[in-house]
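Coordinate analysis (summary)
The primary structure of each chain is shown beneath.
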Amino acid sequence: MTETKDYTLIDGRKVSIDIKAEISAKVAERKKLNKKVPHLAIILVGDDGASQTYVDYKVKACKEVGFHYTMMRFADTISEEKLMKHIDHVNNDEDVDGFIVQLPLPAHISVEKITEKIRSDKDVDGFTNHNFGSIISKNPLLLPATPFGIMELLRRYNIETQGKNCVIVGASRLVGAPLSMMLVQQGHATVTICHKYTVDLKSITQQADILVVAVGKPGLITADMVKEGAAVIDVGTTRVEGPQFKNGYSLKGDVEFKDVSPKCSFITPVPGGVGPMTIASLLLNTLKAAENLNP
Ligand code: GUN
């Protein structure tokens, strides 16, 4: 007989519903006091299917909490210069409290240039160097949405980070790099970041009390790579296509959930783990930006 262990499923969907209820109450309060309703603008370039899906979720979330929103779509042939002009326009639009440029962008457009063009006090993705750097400040500004969401999951599930060995697989600017700083600064953890040049990944992941994986390679993390009792956070969401799936595709995480979960104390599912928290964090940042710009 195979032994099964109890683990707690980290329900990001449920936590995000709780956060959205908290935000809705704050929006209602603002309305009652005749204060401005937060307004999020979303810039989408091109017609990448996954980006469209994420943007649809963001619009739905705005509607749920009572935010105003504006969708701005551009063809993938738009020049960098024209896109910069649009960003300037939104930067100066007093009605917009926060905005995002959905990534990825077409190859001829520099993500760095576009990101840095966004006014930092409206940068509700927390991608600008100014906001990114504020992670190590006593008064963080608008924090990157996905790592912020992960920290919130760890907090709400009482997962101790202080003094723990945290291993992050994936050193991206969107997730791994900022999360490492948050885990050190706010979580007082000992952090190791692994990436594609890491030698003997398994020997490092096996040391993790908290293992965060944000690579985008389905099934990268197998049971032999995980320590007994670890908390595992799976940020991977890759569309795997196949005729057996209802929409023609299924979302897969980086962790072999079925084999890994019995070894874990806590684990996030995909979908329904980190994904909804990214959107909840985006809403929290938009509310914060609106409160700062229009107190
Ligand atoms: N593409 C994938 N994740 C994100 C995100 O959090 N924000 C933006 N703007 N683009 C993304």
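Calculation rules
Residues numbered from 1 in each chain as written. Predicted model: local features only at pLDDT ≥ 70, side-chain atom pairs only at ≥ 80, totals over all residues. Heavy atoms only, no water. Patch = residues over 30% accessible without salt bridge, like charges linked within 9 Å, V, L, I, M, F, W, Y side chains within 5 Å. Areas by Shrake-Rupley, 256 points an atom, 1.4 Å probe, with all protein chains shown as cover. Salt bridge = Lys/Arg side-chain N within 4 Å of Asp/Glu carboxyl O. Buried < 20%, exposed > 50% of the residue type's maximum accessible area, 1.4 Å probe, protein only. Helix = DSSP H or I, 4+ residues; strand = E, 2+ residues; numbered from the N terminus. Near = heavy atom within 4 Å. Polar contact = N/O pair within 3.5 Å; in protein donor to acceptor, adjacent residues only side chain to side chain. Nonpolar A, V, L, I, M, F, W, Y, C, P; charged D, E, K, R; others polar. Contact = heavy atoms within 4.5 Å. Axes fitted to C-alpha atoms, helices over the stretch in contact; angles between N-to-C directions. Parallel < 35°, antiparallel > 145°, perpendicular 65-115°, else oblique.

Some thoughts on a nonpolar patch on the surface
Together, Y7, L9 and F257 give the surface a local cluster of nonpolar side chains, amounting to about 240 Å² of exposed area. Relative accessible area serves as the criterion here: at 32%, Y7 is assigned to the partly exposed category.

A closer look at unusual backbone geometry
In terms of backbone geometry, most residues other than glycine have negative phi values and most peptide bonds are trans. Residue P104 is bonded to the preceding L103 through a cis peptide linkage, with omega at 5°. Here V270 and P271 are connected by a cis peptide whose omega angle stands at -5°. You can see P271 is positioned in the loop between β11 (266-267) and α10 (274-293). Positive phi, normally seen in glycine, also occurs at N34, with a value near 60°. Position of N34 relative to the elements: it lies in the loop between α1 (12-32) and β2 (39-45). Notably, H188 is not glycine yet its phi reads approximately 55°, a positive angle. Tracing the backbone through its elements, the reader meets H188 in the loop between α7 (176-185) and β6 (190-194).

Re the site of the ligand
Around the ligand, the structure places K58, V101, Q102, L103, D125, F127, L174 and T278. Between the ligand and D125 there is a distance of 2.6 Å, counted from a nitrogen atom to a side-chain nitrogen or oxygen. Protein chains bury 83% of the 280 Å² of accessible surface belonging to the ligand in isolation. Here the residues of the shell around the ligand sort into four nonpolar, two polar and two charged.

Some words on the side chain of T115
As for its placement among the helices and strands, T115 is situated in helix α4 (residues 111-117). Residue classification places T115 among the buried residues on the basis of a relative accessible area of 10%. Discounting residues that sit within four places of it in the chain, T115 has contacts with F127 and T128.

Here we look at the packing of α1 against helix α6 (residues 145-156)
Any two packed helices are characterised by the angle at which their axes cross and by the distance between the axes. Running from N to C, α1 and α6 point in directions that differ by 100°, and their axes come no closer than 11 Å. Taken together, the axis directions place α1 and α6 in an arrangement best described as roughly perpendicular. Residues G12, V15, D18, I19 and E22 of α1 lie in contact with α6, whose contacting residues are E152, L153 and R156. Per-class residue counts for the contact of α1 with α6 are three nonpolar, one polar and four charged.

Brief notes about the pattern of salt bridges
Taken as a whole and judged by the stated rule, the model has 12 salt bridges. For the salt bridge of D97 with K36, the shortest nitrogen-to-oxygen distance reads 2.5 Å. Separated by 61 residues along the polypeptide, D97 in the loop between α3 (80-92) and β4 (98-101) and K36 in the loop between α1 and β2 bring together distant segments of the chain. The exposure class assigned to D97 is buried, which follows from its relative accessible area of 0%. The residue D88 makes a salt bridge to K117 at a minimum N-O spacing of 3.6 Å. Of the two residues, D88 is situated in helix α3 and K117 in helix α4; the sequence distance between them amounts to 29 residues. K117 sits in the partly exposed class, given a relative accessible area of 29%. Salt bridges sharing common partners tie together E22, E152, R155 and R156.

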